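Analysis of the macromolecular model
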Amino acid sequence: MVAGAARRPVAVLAVTALLVLAAVLLASRLTPSAATDTLVSANTPEYRATQHFHERFGDDAVYVLVRGKLSSLVLTSDIERVVGLEGCISGNLPKGVKPRGGPSGPCAQLAQTKPVRVVFGPGTFINESVTQISDEFASQQTAAAQDANRVATAARKLALARGMSRAQANRLAAEARQLREQEFEQTVLQLALKYGITSPPSLNDTAFVSKLVFAGGAQVGTPKPRFAYLFPTRDSALIQVRLKPELSEQQRTAAIGQIRRAIRMPDWALKHGETYVVTGAPVVVSDLTHRISQSIIVLLIAALLVMGGTLAVVFGARARLLPLVVALAAAALTFGGLSLAGASLTMASIAVLPVLIGLAVDYAIQFQSRVAEAGGDVTRAARLGGPTILSAGAATAAGFLVLLLSPVPMVRGFGLLLVIGVVLAFLTTFTAGAALLAASQGRGAPRPVAALGERLAPAWRGAGELLTETRLPRAIGRRAGALGRGTLRIAAVHPGRMVGVALAVAVVGWALDTQTPVESDLQKLVPQNLGALRDLRALEDATGVGGEIDVVVDSNRLTEPSTVAWMTAYQKRLLRRYGYRNGRACGQAELCPAFSLPDLFAGGGAQTRSSIEALLNAVPAYFSQGVITPDHRTATMAFGIRLMPLDEQERVIQTMRRDLHPPPGIHAQLAGLPVLAAEANSKLASPWRRALQLVLSLLAVALVLLIALRRVRRALLPLVPIALVTGWSGLALWLLAQLGIPLNPMSVTLSALVIAISTEFSVLLSERYRQERAAGHSSQAALARTYASTGRAVMASGVTAIAGFAVLMISDIRMLRDFGLVTVVDLTVSLLGVMAVLPAALAHSERGVRLRRPVLARRAARARP
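As a further point, take the overall build of the protein chain. Each helix and strand in the protein chain was counted, giving 32 helices and eight strands. Of all 865 residues assigned to the protein chain, the portion counted as buried reaches 53%. A separation of at least 24 residues holds for 81% of the contacts in the protein chain among residues at least 6 apart in sequence. As displayed, the protein chain has an accessible area near 38,000 Å², and 59% of this comes from carbon and sulfur atoms.

Shown next as structure tokens:
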């Protein structure tokens with residue numbers, strides 16, 4: 001492959017350029033995604049239950065928080081504006097009525113696209129209550145009049161049958177009608193006294209609205225607790241908008257944009273100081289998706305600048321920036337392939353960009369260093385160094401493959417994309433990279449290409465000298481060189497002691513790693529200056545509720561009294577256990593009631609199956625559609641859960657699950673974002689899962705090295721410092737956690753990353769040491785020669801890989817920023833560990849082994865090209 005690229009560099013570079021251009025065009029079509037399924041596996045029962053709930057009752061709610069005095073909202077003309085806003089958002093426009101805002105306004109757009117399944121809000125709730133009470137009163141009044149006519153007719157017939165005159169019969173009929181009407185009036189009067197309704201209600205009837213919304217007692221203006229999902233406090237109201245679950249990311253984002261436009265319309269502006277805020281989990285996800293698109297551009301620019309500067313400082317080759325060109329080509333091909341596969345950009349996949357550039361630069365540096373050692377002969381360098389580089393890279397890819405076992409989908413995608421990127425980085429290095437190196441040497445390249453390389457070389461050398469030949473870099477270089485030589489001497493003289501100290505530190509690190517906390521709360525992983533996040537926290541502060549847990553109940557026996565009794569008892573038992581009492585605000589209890597099927601039967605009447613079905617059929621669809629499907633096969637019980645740490649939230653959810661003992665024939669499951677978050681946190685925080693990942697990474701790397709190197713000692717010896725470094729890494733992570741930087745869904749993968757990346761460094765150094773020993777050098781001399789040649793390249797590669805991760809630290813997405821920081825610390829510890837412990841392991845492995853001159857001679861002969 002390399003020989004062919006060196007013979008035809010122009011053709012190879014032309015084909016590569018075309019492929020890269022096509023990949024860039026494909027990559028530009030990538031769409032970002034921060035949906036829940038990037039954090040939670042779709043194969044879990046909790047995720048399937050949540051999807052089932054969404055299919056039946058709509059997506060997670062978008063909330064319009066109305067901030068301001070509740071009495072000023074519902075007891076003034078502002079309630080009419082809220083009714084109008086809710087109608088606008090629902091997209092249900094009466095026929096022949098022109099939408100407010102004109103044909104291009106948000107009301108018209110929402111009516112046209114129909115992205116909303118249902119809207120629950122204070123305006124529609126009060127209006128529907130007025131309508132239903134008025135309609136029911138009119139219906140009963142009509143029924144009473146018809147009944148009075150029947151009674152009068154029956155009385156007239158009876159009087160005539162007894163021989164009375166027609167006048168007497170009419171008088172008796174009138175008396176019977178009047179008696180029946182008095183009975184109806186008495187019933188109405190009793191209901192009026194009971195519910196405080198003295199006249200037919202209306203939206204502007206402050207007495208009726210006040211009686212409907214507010215609780216009695218000394219605290220005037222306090223809403224009824226049973227309506228907390230609409231009126232959480234005396235200073236707020238909530239409009240819940242459930243979008244259709246089948247919407248695409250773009251359609252959901254567009255719908256949220258239209259809702260935001262709607263609340264800014266002058267038509268719905270409130271006159272008594274109340275304000276609207278659009279928030280909720282879908283809004284945070286939508287805004288985060290937009291931020292992801294911006295982040296990848298920032299990270300690309302930063303990666304170019306950081307890598308370019310790093311190469312100029314640490315890489316002493318003639319064409320210093322050639323590895324960066326190769327890396328950019330590999331990154332473009334990787335993301336172009338991602339687009340071709342129809343995948344999306346997640347918070348994890350954008351982290352692949354700087355990391356992949358760092359890894360691809362690493363491989364290009366190693367190959368370019370071999371070319372320099374071979375006197376510029378690209379083919380000879382590939383023959384001598386290619387197999388070792390390829391073996392190390394294959395081991396790195398195997399380490400990344402272990403990430404496919406992660407419970408977090410976006411981490412699995414991160415690992416798979418890195419593996420693909422590593423393969424493409426190798427192909428690009430040994431094709432386009434080889435062609436560029438051949439062209440820079442003037443071999444096989446047209447004169448203009450060679451001339452361009454000759455003209456650029458002095459400029460890059462000058463830039464490198466400017467950065468490396470000043471006083472500070474020289475001083476750093478002298479101290480680093482002295483430290484390295486001292487370490488090699490200690491390793492050669494006291495290898496056992498050095499390995500023993502490394503093992504002791506590793507044991508401490510392994511023990512402390514089990515105590516390192518993991519953060520999986522999405523709110524704490526996204527940019528903290530995200531406007532939607534601030535609004536969501538304002539909603540949580542106003543309501544005291546951090547999310548909604550839904551118990552999804554499926555059965556063809558939902559309307560049986562035993563089922564209703566079980567649901568009611570389960571709801572009351574949980575609310576009582578977690579501190580909810582009637583009259584208390586939700587924020588004072590760990591669980592509080594949200595709109596559920598048992599609420600429809602709160603007034604009694606659920607005695608028989610027929611009475612339950614009659615009641616459900618009588619309840620307006622506006623009220624029932626949020627708690628039971630039209631076929632009466634799926635229902636929900638909803639609970640608001642207070643803001644609390646995820647581990648405490650998980651304990652509440654586990655208790656709810658243990659208490660869930662439905663009757664035979666009833667299937668019940670917990671669903672909702674809090675359930676998914678608790679499940680993800682439980683899996684990520686498991687120290688045993690992290691330990692298993694570490695062991696599997698080591699086994700995968702060992703297997704690849706055994707296949708590639710075909711000798712147990714050659715394969716396992718480079719893994720000694722790697723295994724010890726994982727303990728050092730655990731200690732570093734624990735120390736960072738004490739400084740307020742916990743693990744997150746990305747940084748919890750660090751054991752696999754450290755093993756994968758450090759293995760390459762260890763394999764390259766150990767194989768070079770083996771060659772130097774085979775050439776007849778003593779152990780100490782072989783170590784010195786190894787670290788003077790390959791060691792420099794490994795150090796340059798390590799620094800560039802670390803720089804790639806360091807780029808993530810400028811991201812405003814906290815998950816990426818923390819991941820970048822802990823990875824920089826971890827890889828630095830890993831690189832220093834390999835550079836320090838590997839010489840001791842190599843020297844210690846040869847204690848007591850005496851090599852005869854004939855053996856050394858044969859090894860030297862085999863090592864020669």
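Pairing is antiparallel in the open sheet, where four strands are placed in the order β2-β3-β1-β4. If you trace the sheet from one side to the other, it starts and ends with β2 (116-120) and β4 (275-279), each paired once. With strand direction ignored, the average angle separating the axes of adjacent strands in the sheet is 20°. As paired elements, strand β1 (residues 61-67) and strand β3 (residues 236-243) share seven bridges and run antiparallel to each other. Bridging from a neighbouring strand, V62 pairs with V241 of β3. Set on the sheet, helix α20 (residues 531-543) makes contact with β1, β3 and β4; between it and β4 the angle comes to about 115°.

The phi angle at K114 is positive, at roughly 50°, despite the residue not being glycine. Structurally, K114 is set in the loop between α6 (106-113) and β2. Looking at K114, the relative accessible area reads 32%, which means it is partly exposed. The phi dihedral of H632 is positive, around 60°, even though this residue is not glycine. Along the chain, H632 turns up in the loop between α23 (621-624) and β7 (634-642).

Here we take up the pairing of strand β5 (residues 545-554). The buried fraction of β5 amounts to nine of the 10 residues, a majority that puts the element mostly inside the structure. Bridge count between β5 and β7: nine bridges; the pairing is antiparallel. The partner of V545 across the bridge, within β7, is R642. Of the pairings in the sheet, the one linking β5 to strand β8 (residues 667-671) comprises five bridges and is antiparallel in character. Within the sheet, the bridge partner assigned to V552 lies in β8 and is Q669.

To continue, consider the packing of helix α13 (residues 349-373) against helix α15 (residues 409-440). Between two packed helices, both the angle of their axes relative to each other and the distance between the axes serve to describe the pair. α15 packs onto α13 with a crossing angle of 35° between their chain directions and a minimal axis gap of 9 Å. For the element pair α13 and α15, the recorded crossing hand is right-handed. Note on element contacts: α15 touches α13 through F414, L417, L418, G421, V422, A425, F426, T429, F430, A434 and L437, opposite S349, A351, V352, V355, L356, L359, A360, Y363, A364, F367, Q368 and V371. Counted by class, the contact of α13 with α15 contains 19 nonpolar, four polar and no charged residues.

So, about the sheet that holds strand β6 (residues 591-593). Taken together, the four strands give an open sheet; going across it, the order is β6-β7-β5-β8, and neighbouring strands pair in antiparallel fashion. Edge positions in the sheet fall to β6 and β8, since each of these pairs with one other strand and no more. Taking each pair of neighbouring strands and ignoring which way they run, the sheet shows an average axis angle of 30°. Relative to β7, β6 is paired through three bridges, and the arrangement is antiparallel. Looking at β7, one finds that L591 is bridged to I641. Helix α21 (residues 561-577) contacts β5, β6, β7 and β8 of the sheet and is inclined by roughly 5° relative to β7.

In this structure, I126 and F367 are the most contacted members of the largest nonpolar core, which totals 216 residues. For this core, the leading source of residues is α13, giving 15 residues. What I126 contacts, discounting residues up to four positions off in sequence, is V74, I79, L203, V209, L212, V213 and F231.

This part is about the packing of aromatic side chains. Considering all chains together, one arrives at 11 aromatic pairs under this definition. Measuring from ring centre to ring centre gives 5.9 Å for F414 and F819, while their planes differ by 85°; the resulting arrangement is edge-to-face. Within this pair, whereas F414 is found in helix α15, its partner F819 is found in helix α31 (residues 814-845), the two being separated by 405 residues in sequence. For the pair F414 and F819, a shared accessibility class is recorded, and that class is buried. Aromatic rings pair up to connect Y363, F367, F426 and F430 into one cluster.

The next point concerns the pattern of salt bridges. One pass over the structure, following the stated rule, counts 15 salt bridges. Notably, a salt bridge pairs R100 with D267, separated by 3.2 Å at the nearest N-O pair. Residue R100 is located in the loop between α5 (78-90) and α6, and its partner D267 is located in the loop between α10 (249-263) and β4; the two are separated by 167 residues in the primary sequence. Note on R100: relative accessible area 45%, which makes it partly exposed. By relative accessible area, which is 28% here, D267 ends up partly exposed.

Turning next to the packing of helix α29 (residues 750-774) against helix α30 (residues 779-806). The N-to-C vectors of α29 and α30 enclose an angle of 155°; their axes lie 8 Å apart at closest approach. In terms of orientation, α29 lies roughly antiparallel with respect to α30. Relative to α30, α29 is oriented so that their crossing is right-handed. The class makeup of the residues in the contact of α29 with α30 is 11 nonpolar, seven polar and four charged.

Before going further, it helps to spend a moment on the confidence of the model for the protein chain. Should the pLDDT be low somewhere, the predicted coordinates at that spot are not to be read in detail. Confidence along the protein chain averages 79 in pLDDT terms, with 84% of residues attaining 70 or more. Per-residue pLDDT stays below 50 along residues 848-857; that stretch engages in six contacts with residues further than four places along the chain or on separate chains.

Next up on the list: the pairing of β1. For β1, the tally of buried residues reaches six of seven residues, placing the bulk of the element in the interior. Judged from the five bridges that link them, β1 and β4 form a sheet pairing that is antiparallel. Looking across to β4, one finds that L65 is bridged to V277.

An ideal rise of 1.5 Å per residue puts 27 Å on 19 residues; helix α2 (residues 9-27) measures up with 26 Å between its terminal C-alpha atoms. Packing partners of the buried residues in α2 comprise α1 (2-7), α12 (322-340) and α15.

Attention shifts here to the side chain of S90. Relative to the assigned elements, S90 resides in helix α5. Residue classification places S90 among the buried residues on the basis of a relative accessible area of 13%. A distance of 3.4 Å separates a polar side-chain atom of S90 from the backbone nitrogen of N92. In this structure S90 touches V116 and V119, once residues within four positions along its chain are discounted.

Residues L401, L404, L416 and I420 make up a contiguous nonpolar surface patch of about 310 Å² in total accessible area. In this fold, L416 is placed in helix α15. Residue L416 is classed as partly exposed on the basis of its relative accessible area of 42%.

Thresholds, definitions, all that
- Residues numbered from 1 in each chain as written.
- Predicted model: local features only at pLDDT ≥ 70, side-chain atom pairs only at ≥ 80, totals over all residues.
- Heavy atoms only, no water.
- Helix = DSSP H or I, 4+ residues; strand = E, 2+ residues; numbered from the N terminus.
- Buried < 20%, exposed > 50% of the residue type's maximum accessible area, 1.4 Å probe, protein only.
- Contact = heavy atoms within 4.5 Å.
- Areas by Shrake-Rupley, 256 points an atom, 1.4 Å probe, with all protein chains shown as cover.
- Pairing = 2+ DSSP bridges.
- Axes fitted to C-alpha atoms, helices over the stretch in contact; angles between N-to-C directions.
- Left-handed = near helix turned anticlockwise from the far one by under 90°.
- Nonpolar A, V, L, I, M, F, W, Y, C, P; charged D, E, K, R; others polar.
- Core = buried A, V, L, I, M, F, W, Y, C linked by side-chain atoms within 4.5 Å.
- Phe/Tyr/Trp six-rings, centres within 6.5 Å; stacked < 30°, edge-to-face > 60°.
- Salt bridge = Lys/Arg side-chain N within 4 Å of Asp/Glu carboxyl O.
- Parallel < 35°, antiparallel > 145°, perpendicular 65-115°, else oblique.
- pLDDT = per-residue confidence, 0-100.
- Expected span 1.5 Å × (residues − 1).
- Polar contact = N/O pair within 3.5 Å; in protein donor to acceptor, adjacent residues only side chain to side chain.
- Patch = residues over 30% accessible without salt bridge, like charges linked within 9 Å, V, L, I, M, F, W, Y side chains within 5 Å.

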